[in-house]
Structures are given as C-alpha cells and as structure tokens.
There are 2 protein chains.
Amino acid sequence: MSEKMVYFFGEGDTKDKKLLGGKGANLGSMTKIGLPVPPGFTITAKVCINVNKTKKWPAGLLSEIEKNVSTLEKKMSKRFGDNENPLLVSVRSGAAVSMPGMMDTVLNLGLNDKAVEGLAKQSGDARFAWDSYRRFIQMFGDVVMGVEHSSFEHALEKVKSGRQDTDLSVDELRKVVSEYKIVVKESAGKLFPQEPMEQLKMAVDAVFNSWDGKRAKVYRRLNGIPDDLGTAVNIQSMVFGNLGWESGTGVGFTRNPATGENVLYGEYLMNAQGEDVVAGIRTPKHFDDMAKEKPKSYKELQDMRRILEKNYKDMQDFEFTIEKDKMYILQTRDGKRTAAAAVKVAVDMVKEKLLTEDQAIMKMKAEQLDQLLHKQLDPKAKAKETSIAKGLPASPGAAVGKVVFTAEEATSIKEKNPKEKLVLVRTETSPEDIEGMDAAEGILTARGGMTSHAAVVARGMGKCCVAGCDAIKVNEKAKEFRAGELTIKNGDVISLDGSTGEVYRGALGLVEPEIGGNFAILMKWVDARKKLSVKTNADTPHDAQKAKDFGAEGIGLCRTEHMFFKPERIMAMREMILAETLEDRKAALRKIQPMQKKDFKGLFKVMSGKPIVIRLLDPPLHEFLPHEEKDIAEVAKEIGVPAQKIKDTMEGLKEFNPMLGFRGCRLGVKYPEINEMQARAIFEAAIESKKEGHIPIPYIEVPLIGTVREFAMIKEIIENVAKELDVKEIKYKIGTMIEVPRAALTADEIAKEADFMSFGTNDLTQMGCGFSRDDAGKFLKIYVEKGIYSMDPFQSIDQAGIGKLMQICVESARKVKPHIEIGICGEHGGEPESVKFCHRIGLNEVSCSPYRVPIARLAAAQAAIEDKMRKG
Amino acid sequence: MSEKMVYFFGEGDTKDKKLLGGKGANLGSMTKIGLPVPPGFTITAKVCINVNKTKKWPAGLLSEIEKNVSTLEKKMSKRFGDNENPLLVSVRSGAAVSMPGMMDTVLNLGLNDKAVEGLAKQSGDARFAWDSYRRFIQMFGDVVMGVEHSSFEHALEKVKSGRQDTDLSVDELRKVVSEYKIVVKESAGKLFPQEPMEQLKMAVDAVFNSWDGKRAKVYRRLNGIPDDLGTAVNIQSMVFGNLGWESGTGVGFTRNPATGENVLYGEYLMNAQGEDVVAGIRTPKHFDDMAKEKPKSYKELQDMRRILEKNYKDMQDFEFTIEKDKMYILQTRDGKRTAAAAVKVAVDMVKEKLLTEDQAIMKMKAEQLDQLLHKQLDPKAKAKETSIAKGLPASPGAAVGKVVFTAEEATSIKEKNPKEKLVLVRTETSPEDIEGMDAAEGILTARGGMTSHAAVVARGMGKCCVAGCDAIKVNEKAKEFRAGELTIKNGDVISLDGSTGEVYRGALGLVEPEIGGNFAILMKWVDARKKLSVKTNADTPHDAQKAKDFGAEGIGLCRTEHMFFKPERIMAMREMILAETLEDRKAALRKIQPMQKKDFKGLFKVMSGKPIVIRLLDPPLHEFLPHEEKDIAEVAKEIGVPAQKIKDTMEGLKEFNPMLGFRGCRLGVKYPEINEMQARAIFEAAIESKKEGHIPIPYIEVPLIGTVREFAMIKEIIENVAKELDVKEIKYKIGTMIEVPRAALTADEIAKEADFMSFGTNDLTQMGCGFSRDDAGKFLKIYVEKGIYSMDPFQSIDQAGIGKLMQICVESARKVKPHIEIGICGEHGGEPESVKFCHRIGLNEVSCSPYRVPIARLAAAQAAIEDKMRKG
C-alpha cells in the first residue's frame, strides 16, 4: 500500500466517510472547522481490508502510526507511558455504515505500572488512577485478548468479599490489578502488555479482526453490506475533567431545548467527570454561574455555540471537558427538544438565514407534532411522580379522571354530571363500548396492541389511550384493577400519559396545547411543498370538522359501520341480521337508510367541495350482535324474536378466523340489498345536500376486494341505484380498498373497473405478513427486539415486504389506467416514514385520523423535499 | 364486404374457427370427413361485426343466405313453409370462444300456419305438430322479439286451467297458438312473422344483437375477450326421428364406456325423438337388436364409428337420428368412461396405432385415476338406492360400517373387535380424533370444506371421507344424527361414497380396485415423460411405504406434529407447553426427543436413498392441550399441575385468528429449544440409520417464514446441532416453506440463505386471498357459483392471483440462486391443473398424499407433453 494509511484529525472530513468511517470523518470535520476536539488520528478502512486479506500489516503502517502518536504527544504535551504526564487514548472501530457486532471501545489505553503513577499525580487521586487501571486491564483483556469476563469478576469478588466496588481502598485496588494480570496470563497464555505501543498495536488488530467476526458477517449478509468495506480505527487522546479545580465537564445546548429560545443553555461541574454529572451525586451548576466564575471558559462555549450552529445548521447538544483550563469538545449531536421548541427553532433559524425553508422543514420530526395538538401531563408534575404501570402509548395526549369499569357507567355518570372527568378501564374494548369511550377523557386497557380496537377508536376520537398495559389486572366484576401491590377501585382518580404509555395514581396537572404563530408559519411552508393530498379518517361531522381545522383536504375513509353502534341504530341492524327472508332484510334496511342518509348529509355539509371516501359495510355481522346473556334477552324482547334465535344466529356466524371470514364485499356479494341500501342513502344524501347549496363529492369504496369480479358485481349494484336516482349532477366515483394481497397482485385487472384505489395497510399487513394484529402481541415484541422487523409493521409500513406488494399494485394499476387515484387509509397514513414511502411509490393521497393530519402534511412535505434533493 | 359471407357446412373446417366460430367450424369439419350431418350453413363472425357497426346488413348478404337456403332445400328435398314437406331449421349463435350471455337456440324455425299442417302430415301426429308450433312461437317471441316469458305462461294457463301440458287436445293447442299470436302482437307491437325467410332474418339479427348485450359485454370485459371477435350464426336443418317406423333416434359409444372393450355400444328407439330416449317412458333397445332388425342402419353406425375414431382419435359418444331411413349424426364428443375403461382405451389405441404414447397420455383425465386406487361402492347397488344426504367428496373411496359418534368409542370398539367396520360421524373433527379416524373405515362430518381437518387427514390416510355434509344434524350427546326426517342412531349401518359425497342408509356392496397390466404400461410411459419429481406427504412409515408403492420419489412433507397425538406422546408435549422455565421445558423436550428419533428412523428406512422433507413444529400450541373439562382434570392429574394452570395456559394461548397467530417458526424464535430438540432427533436418527445401512437424506424445513431473518435464526440453531453432532457424512439441507405472502415477495433475500423452498399453497391461498379455509364455507360456494373464482381455490391453485405470487417467488429466488430446488406440498400438489401449473412455472417437485401420487405423475407427464407441443 503506497497511499496514505493514517489521517490525523482534520486531514479528512465528512466527504472521506468511506475511507475514514462515519466516526473518523466526523471527528476530522469538527477539528477542521476549529472546534477543540481532543486530538487523535484514524487508520483507514482500506488498511483493515488489506490486513485481513494478507494477514499482516502493510509496510509503513507502523511508522505512520508512530509518527501520528508522536504528533499527538506534542499536541497534548503528554507522553505514552510517562510517570508524570501520561498520554492515554481511546481506541474505537468505525465503519462507513453503523454496524452492530463490531468491537467495543477500549478506554484509557496507555496505562501501565508506570503511567498509573503519572495519572495519580495528575489527578491527585490515587484511587481514581488505580481504579482506571484495573478497569483498563479488564476491558483490554476482554475485548482485545479474549479473556472471559467472568474470570475478572471472580478475581474482583475475591478481594471485595461481598462489599461494594466503592468500598475498595487504593491498596486493595493495587491487589485487584495484580490479580487481573494473573488472570490475563492464565487465560490468554501471555502477559498483559506493559508497553503502550504494544497495547495500541494489539487493540488495532482486534478492531481489524472484529470486522470478520461471526456476528458482523451475519449482520452484513442480512443487510446487504459489502464485505470489502472494512472498518476504520480511531485513536483519540483521553482528556479528564477531574484533574483539579481548573478542570471540569458539562453538557450544553446551543438554544433552550424546552422553549427554543436562542440562548446558550446547560450545566457543568468543576473537578468532575461526565459520569458525575449524569449520576447526580453532586448538583451541577448552570451556565449563568460560569459566566461569572469562569468568564474565559464561558466565552469559549459561546464561540463554540456559534461555530456549531453555523456548521451543523441545527440546535446542538454537546459535551465538553475542561482539562486544566483547556476546553475540549467531546461530542456534538442534534439536540432533543420539545415540539414547541422544535417549531420555534426551525422558524427562527430561517429568519436568521441559518436555514432555508426547505432545510427548516427537514429539521422537524414529524411524529413530534402530536405533542402540540393535545393536552399533556405537566412535565414538572410527572418528574415528581412514579408511574404505577406502563402500557403502549396508543393515542397521544393526557387524561385525568375517576376510574370507571364499564362503558354504560361512563355514559350514565356523564349524563348526570357532564363535568365529571372519567377514565374508562377495561381488559379490552369492543364496538359496544364506543359511547362509553366517548364519555371518558381517556381509555386504559390491559390487552391489545397499537392497532387494537381501543387504540384505533381513541386515535380517531383524538382521545388519550394507553393500551395493552399488561402490568395491570382488571377485575371488571369487582370494579377494581391491580397494578403490582396496588389496588385501584371504582372512582379512584388516575392520570394517563398517552404519549408515553405511563399510568399514574392521583390527579397530575395538565398543560394545554399551544399552537402559536410559528406553527402556522411552518405549516404554510409545508403545504407549499407537499405533493400528497392529506385527508382524514372520520365518521362524524364533529371529527370531520376537527380534521378540516387541522388541514385535511377531504375524508379518505368514512367507515359506515361506525354509524350503527348508537342504541337506536344497532337495533335496526340486528333486525337486518336476524331477518330470514329477503323481504324482512329489506324491511330492516329501510329503517336504517334514513339514518345513514342523515349521517352522510352531515359529512357533505362539513366537507362541501372536498371528496369523501365512503366505505361500504365492512365488519363481520356478528360484531353487531349482543354477546352477554342479559343483552341477548333484552334484544330478543325488543326485536320480538326468541333469544335462542339470536344465539343460533351467533353460532352460525361464529368464525375460526374472523379476520379472514365473512365480511367486506363478501357481505354484499351474498346480500346485495345491503350495499344497495347504502348506495341509495349516499346518493339521496348527495342530491339533497346539493339542493341545500353544498357540493357533495362522494367516492364510494368497496372493501376487501380480492378479485375484479367481486368489484364489478358491487359496482353494478351501485350503478343501478345511480341510474335509478338519476344522479348525473353529482360527481361520484366508485373505487376499492386494496387490503387483500390478491387484489394488489391483480391490480391491472381491478384498475380497469375501479375509479380509485386505497390501500388498507392494516389488513394488507395482517394478510401479507401472516399475523393478526390482535394476536401478534404474543411474538411481535420479540420480533422487533430481535430485529426480525426493524419496526412494528403495524406502526410503520414494512417497506421491504408489504411495500413491495404496494409497488406491484401501483405499477400494474397505472399500466392500465395511468392517472388512477391511489391512496392509503390504514393506520399507517399518519406515520411519517410510511407517508414518505407513499410519496416515493407515487400515491396521490394519504388519510389518517384528525390529530395526525398535521404530521402527515409535514412528512409529505419532507418527502417532496427529499425527492427534489435526490434529483439534484 | 366483398368476401364470402356464408359457408355451407363442409366449405370450412376447424382451421376456420375464428371466422365460423367453434360450433360452425366443427359442423363443417364433420361434414367434410363424410359424416352425415344434417345440412346447414354458417354466417361468418365478420358479418356480425360489420352489421353491429353499420347497423344494416351488407349488400349481398341476403342473397347469399337465400342461395344457401335454396341449397338446403334441395339437399333435404324440403321447402321453407311447405304444407306437405316443410324445411325447418335451428338457429344458433357460435363465437370462436365459448361465451355465456349469448343468444339461446331457436328450434323449428320455418313453422307457420301452413307448414304446421305439413309437419302434421309428415309425422302423422297433429298434436306433436301443433305443440311444436306453439313452442316455436313462445321461443321465438321470447328470444327474438323480446316478449316477456310470463305473458306466454299466462296465456297458456288460461287454456290449461290447472291441467298438465300433456292433457291439451289438438284443438286446445290450436287455441294456445292463437292466444300466443295475440300475446306477441300486444307485447311486441307487431304480428308474429309468418314468412320463414322473415323469421330467419329476424333470428339472425337477434344473434348479432346479443353480441353487444350487457351480459356478454361484461363477460368479455372481465375475461379479456376482444369486442371485435363477433359471433357466427349457424342455420341447420331440423331432422326428426319420429316420422313413423322408418325413423328413429339413439345414442352410441364407439367403445364400451364401462370396460373399454373395442365394440360399438349403445341404445336406440324407433319412431321417437331424442327426449323419448332420455325420458325413459319407452325402454330403448340395444344395438344388438338393430344388427338384426335394421342391418343397413347398423352398418352405417359401424362405418361412422370408424370414421369418428379415426378422425377424433378418441372414444366418441354420439347422437344420431334416422329420418325415413336416412341416417344423420347430430353430435359427437369424447365419451365419458370409467377409469378402467379410460386406461384400456388409451393403451389399446396405442396398440392400434390410432394414438402415439404422448397422445394416449393426453387423453387421460388425471383426476379419474383415483377411482382405480380405492374400493368403490358397487355401481349396481348404488343405482338401486337413493342417498339420504350429500356432502363434499372430501376423500375418495367408499366405506360401509356402523355409525359411532366419538373417536374414543371408535378406538375402543376396534380394540375389542378388530374386524368391526365403523363409520365415524362428527360435526367436525379435531387433532384429538386422529386415532379414532384411523380406527374407522370412513369419516362423515357435518361441517368443514375440502381442506378441513377431517378431509386433509382422511386423504392422507387414504380413507374415505364425506365432509361438510350440512344436510345432516349431528347430536353427539344423544348419539344420533338426522338427515331430513330420518334419524340414524349409534350402531346403525351407513355407506359413504367419498368420490361423490353421497351417504346411504344400510350396507351397499363394495368393489375392489383393479390395477391391471394396462395401468402399469401407461404409468411407464408417464414416468418416461414427466419432469417434475413427485413426492408424497407422509408422517408414518406405513403411509410412506404405500406412497412408494404408488411411485413416490421421496417425502415432500413430513409433519412432525402429527407424531405427537398418540396418548403417551401428547402428555410429554403438554408438559413442555405447561413448563414455566427453560429448564422444565428442556426436561419435557428430552422425553419427546427419543420418540421423534424413532419416528424419523422408521421413515429413513422406508425412504432410504430418497429425500425426506421434515417440517419443524408448526401448529399453534393450544392444539395440543385438552379442551373438555373432564380431559383437563385428567391431564392435570397425570402431569401433576392444578387444572386451573391448564385453563390459564389455554386462556393465554387463546387467539382471535389462530391461523395468523403464534405458530410455525414463530414458536422456534421464541422457544429455540423446541427446534433444537427436533434437529437433534433428526440428526441422531440419520446417524444411526446410516450405521444400519440405510441412506438418510433429511431436508429440514422451517415453516411459516415471513422474513429471511426468522429463517437465519432457526437455521443457526440447526447448524449448531449439526456441528455439535458432527454430521458431515449426512447429506442434509435446510430450507423453508413459502406460505406467507411476504416470504414469496422477498424470496430473493430468503434464497440467499435457504437450500430449498416448498410452497404451502393452502396457507398461501388463505393469506393471499384473505379467507380462512375453515370459514370460507359461508361464502366460497356462492363465489364459485357466481364465477368470482372459476374453481374453489383450495382445490385448484388460483393461478391468476396466488399463482402470480408463486411466479414472483420463483423468479426472484432463481435470480439469486439459479438452481435452488422449489416444490409444492400443499393439498394442491395432487390436483392435476395445479400440478401442470407447477410444471409451467418451473418448479422441481410436487408432493401430495399417497393416493394422489399416480394422479400427480400423470398430470406431470401431461404438462411436459403440453410443453413439448407448445414449443413445436
């Protein structure tokens, strides 16, 4: 190898990522722009490949390293192995792509029997020096020399004999060091190396080796990372904040992360290491104090703040160490911030000309906007409390109220006292609970995932929900639930945090959402850029109005069945299901029709001039029948049929796998009169709305299509009603959900018949991945933990699998009908990564629950900007 | 249009199908080879297109028709509208592709007030003549003039006043004719046309119009038939077998359809029409009588037999009419035959040099072979009995025995008296019933489809099964079932026909299967041609041996869980499921391992030198737990855990959609020790088998893979065991089932890791089409009736949908690993059309239940021959 093998920090920068790895390029970059990074150097990834191939170091490598070590010694005024002022370094691997399975970091390399004395003198803390030494031997032995971790544990335990690490004296630590050296010799068959250069060579070799380790290889194979990329090695000098009162350490933000205010913000401790700040044993001081006590350091921080923001174009969260009055920056990254701060920072930075509008939009985390739109538990109150249980953050916001255990009770309490705040707690919810959920401030369930009934309905309502909280045991009969040792009874007050899944006992304070002027400014930029139309999933005028306020451009999914769970309606629905003849079924449907018509008129009014996708009846019929003995008796009496008849019907409708059963368009194929009634209600509503001055644009949607023939059959039913009612003046379309894999695969045939398509990605994921969202809880958590899916595919579209199916669908549909409108209306329609994916595969719209509309808008704009950037 | 518009029969033949339509081309063909077809002519499909476009007849069409009518009159020595000897014709549509929605046939066109008298004289039967006339008016009025069918019914009813059609006198029929003419005038606004040429022109126009009818258009759109194909019109002279004792009619076979013997075979009636033979009012005579009584006609039939077989290269079933001693052939088609006859005819025809071996194979209906391999109910006995119910023909063969209602009872009776013949009758079966099913001769269930548990297991056992027989109501408690008014009690004898689904009361006779020498000859030809390897689904040495006898080349699917339902084994399995710690689970698994090992050794012995695909544990764990209170108590006692614990475990394992739940490789991801045990059992068995002189070739198969990561994890478990046991000498492979759509879609990733793939098309269909096979009964029947699926997709692969997914999988897997072995092991592996599809998309093997192996072999050979033909 004749080319340069080692780069001192600053010789390369981010453009050299392939050569220097991500970490090395970044350290080089920071150095280059004048930030006081602890000096160091990077051995290139090419060297790694060469060494792994030839099994020896290339000529000249050692001397290049030695030259760089010597530069380092000069820069730091320290020397390797010195017993006064020893140079210590860290050794880290760093490939061009982040990769688990690579070598752990080795810290404090350079320590040996002599240097430890130097460190003791420097720090004035012999205990610290010897503890560092024994940790170094342990780390080096484990990571570099392959000594079993347990052997060290064993040796340490001998000296500790039951006491804490911190109880060990300097002498005892010296003893541990001797023991450790024996462990190394016995396990590795050779002595622990005293010579720092020897230590360094060994550590570098260990990094090289780890590239060809089994775990790294498997990871590369599964993720399509080429084997000939190699890893770079970073050697960086250690700095210490605990070398007396001229030394110190701290963390800073370039702006206030809570409010976004443009001021330096942070904390520090003198004569301390990073761990001390984190551990909270000593209370850190605010920067205001530093301004007075250490004005030079304070000014250095202010300078750094400007350099950082100018270079990284974002608010930064950085760590620094002051070693004997010399300032070092150890790390910088984009700072975490509240949603409110994020919006302010983005808008301010455009004003300050640090960012363009595009860049400001790209800095936003779409998911975070949710915080802005809901009430939140007061962070200060939360800080003081410990949660009693934690479930899934199923629907954001917060709720504080008295616990009730049945939907009926919630409804009846709320009727008597509309000001009462309630939290509905159930093992799981069912469609019958909807009214009760509406009456409550929030919902807590013990079972079910992010897409369980409770979660989906709550998100639709914009209501806080913690679902699948398996730490609680609900006893609905006894009206209480248990969380560990604690029992919460009917009427006790609890607080829910729907954004984190936490449950608290008692009433915590609430913070109202604040959508300031900056939010409006940002969203204006967003709308000017996005290509996707953002619609909402809404079944009621109330939800539709809320969504419109949040910027929805129409309704992408109106589930007609949700309209049937109100008491007076569900009864007519039940009559329909229990009817034995076509005539009886039609008679029951005639009762339902005017109710549906009224619902649709309400929606047409709110969304006048905007399209409304109305999905025909979808769920299995048994969802509408009562389940409890008592309810069955009641329904039987009211409808005037024997209770046994209801039970028989239930039995007949029972399914092994209801999700793959008799539902969706299958209902309409068998009972065309149901869809006929719905089409009639839609068209009559449209005609009347038009007369009343509104502009109804119904998109009638047939659910669960698997073949074009099913669609054509239902379409014919709808077209016949349209002809009969002579709806020429109404601009309507007839399209279909794509939720059965077969429909996606045969989209070319379906597109010939359909005016539009909308992906139902929940069902598409269930069928495509082969797991039901209600059951996947048993294994999906493990699946995400083990990296089988990088994200829960019910939360974010599984792009490699389900996404491929979507792409096949879009491509083959557009081949037949190039301008067919294609959208998505599953839960994924409001998840940023999924929205971006939808943009990339060329969809026309996404639809999501009202509160997620701003998130989807932002993600859509980001996707459009990314697109522009990709195309140059 | 300057080209020829009308073809007299014989001017064109089968090569003119596009111009003359299927029917016209065939009539032309038969005429050309010298068969006495009643003369007629065909108006080309091009004319239809032209007329529909220009809305008028092209110049010259009428005169061409008139010229052909005149030829017809001469040939038949009859004249249109003649009152002595009238020419009557039929008018039929006939496109190049068969197409529902086209016009119905019009018969006896040419009848009018004058010709009816001629027909009366000719036939010597005035009643027949007038009844023909009134039927013609009704048919013509309905089909050509658009008169409502009910209007005619109404007019007829007036005259009949409650009597039967046959009670009407000639005068009353004359009255009906007058009434009918009035109906036509009033409904259609014009008189019923008396002029035969006018009738003909109108009928031809009606055929043209029907091409653009709504039903025909929709059908074409959905089936991709071009609109500019058009339909031809066939005008053919009517001939009558009832014009006195020199006339007659009959049906014949060119060989004996029951035995295949090479003799003319059939029945006839003199002075009769085709309907009379079918209606069975007069008893038809055998051809032997004709040889004596009508030697000339008999000789003509013998001549026709030779011409037919020489031309159609197959045994024909033909209809003929003798009009006044002149022989006419009305129709010929390939004759239906028993399986035994089919084999004999095919082999004989090769000997006679009528067919090549390829052609003989192509003539076979693969599905039919089933008949040869099972006992059958004696057809003679069946002819005398009426079935009491009919279910799905779920597993072929026949069973006669005493009814039992529980699996336990079947087992215990059989143990006491091994000669007792039993039929197990259940609402549905579950895995716990397997032993009882094995003890019975046949199984009858009231619920479940062709792929229900009962059906699948019975087919695997080669045992007769009638499933989903919803005409019976089973009362397991009272030990009886009802079929209509009839009650069958415990111990009563019934007979099942598993090939038709029929259920009979009492004991019907059985016929043993006869696999003669011809069968062996045919299968030798088959094996020389097929490309697909045909393997079997078998879990026991017994089934494996049977399949090997039927020609299986290995085991394509061994379901390891079927090995666990024997009483002593299921208990260990239950212990494993109920274990709370890894250690307890491993302890239970250690009990199971030797049993598994023994099973595998048995299979390796039978299939020495042939691959055995062993699928790791697949079903959801709750299938192994007891369900009844009594059984739970028993198991609790035996294992030594509280009954409540079992119930809690059951509750924990309960799933909303078990088919999409915690099963397949998901079990192994969560509990790696299960697969580890199975791998150990397989490898230890292989090592020991090898020592004993057998050649074990295990293919270890991971079920329900959705992502490559799942596969890689389980593969690692298996490889670790392989390494530990040092199985270098065993040729093993590790592959996966493709049954989750996502796996098919990401086959390129999976193929990098997997040695082989096998489609589980049952699950792939369930997930891909979005219906569970257990629940689809509620709508799938309607779906097939309405043509949404042309076949039940659980019986024959849905090639357009699921097949597309399979193709995507094969193509993307082969892109990565060109020679990867891909097969199919679902129920479809033994269904001929599916086997052919598998050949076409390039699979390497199919696997099916033992009794379907010969069927699959034959279908595979046919696919290979079709391939050769396509490539020329």
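Right, let's walk through the structure included here. What you are looking at is a predicted structure, and each value in this text was computed from that prediction instead of being measured. (Residues numbered from 1 in each chain as written. Chains lettered and ligands numbered in written order. Predicted model: local features only at pLDDT ≥ 70, side-chain atom pairs only at ≥ 80, totals over all residues. Heavy atoms only, no water.)

**Details of the sheet that holds strand β22 (residues 486-489) of chain A**
All names here are of chain A. Sheet architecture is open: three strands sit in the order β20-β21-β22, paired in antiparallel fashion. Every other strand in the sheet has two partners, leaving β20 (472-475) and β22 as the edge strands with one partner each. Averaged over all adjacent pairs, the angle separating strand axes in this sheet is 20°, with direction ignored. Relative to strand β21 (residues 480-483), β20 runs antiparallel, the two sharing four bridges. Looking at β21, one finds that Asn 475 is bridged to Glu 480. (Pairing = 2+ DSSP bridges. Helix = DSSP H or I, 4+ residues; strand = E, 2+ residues; numbered from the N terminus. Axes fitted to C-alpha atoms, helices over the stretch in contact; angles between N-to-C directions.)

**Things to note about the interface of chain B and chain A**
Where interface size is quoted, it is often the accessible area lost as the parts come together. Listed by partner, the interface residues are 60 residues for chain B and 60 residues for chain A. Counting the surface lost from both chain B and chain A, the interface buries some 5,500 Å², and carbon and sulfur atoms represent 55% of this. Considering only the surface of chain B that becomes buried against chain A, B:Leu660, B:Arg709 and B:Lys778 emerge as the three largest contributors, covering 12% of it. Our count for the chain B to chain A interface comes out at six salt bridges. (Contact = heavy atoms within 4.5 Å. Buried area = accessible area lost by both parts, 1.4 Å probe. Salt bridge = Lys/Arg side-chain N within 4 Å of Asp/Glu carboxyl O.)

**Side note on the pairing of strand β17 (residues 422-426) of chain B**
Residue and element names in this part refer to chain B. Among the five residues in β17, five count as buried, and that is most of the element. Side chains Leu 422, Leu 424 and Arg 426 project from β17 onto one buried face, and the interleaved Val 423 and Val 425 project onto a second face that is buried too. Relative to β17, strand β16 (residues 398-404) runs parallel, the two being bridged by three bridges. In the sheet register, Lys 402 faces β17, and the bridge partner there is Leu 422. With helix α17 (residues 407-416) bridging β16 and its parallel neighbour β17, the resulting β-α-β unit is right-handed. (Buried < 20%, exposed > 50% of the residue type's maximum accessible area, 1.4 Å probe, protein only. Right-handed = clockwise from strand over helix to strand, strands pointing away.)

**Points about the relation of the copies chain B and chain A**
Overlaying chain B with chain A gives an RMSD of 0.1 Å, the required rotation being 180° about an axis along which the chain moves by 0.0 Å. With respect to symmetry, the two chain copies, as superposed, fit the operation of a two-fold axis. In terms of proximity to the rotation axis, the leading residue of chain B is B:Asn657, whose C-alpha is 2.1 Å off the axis. (Least-squares fit on C-alpha atoms with pLDDT ≥ 70 in both.)

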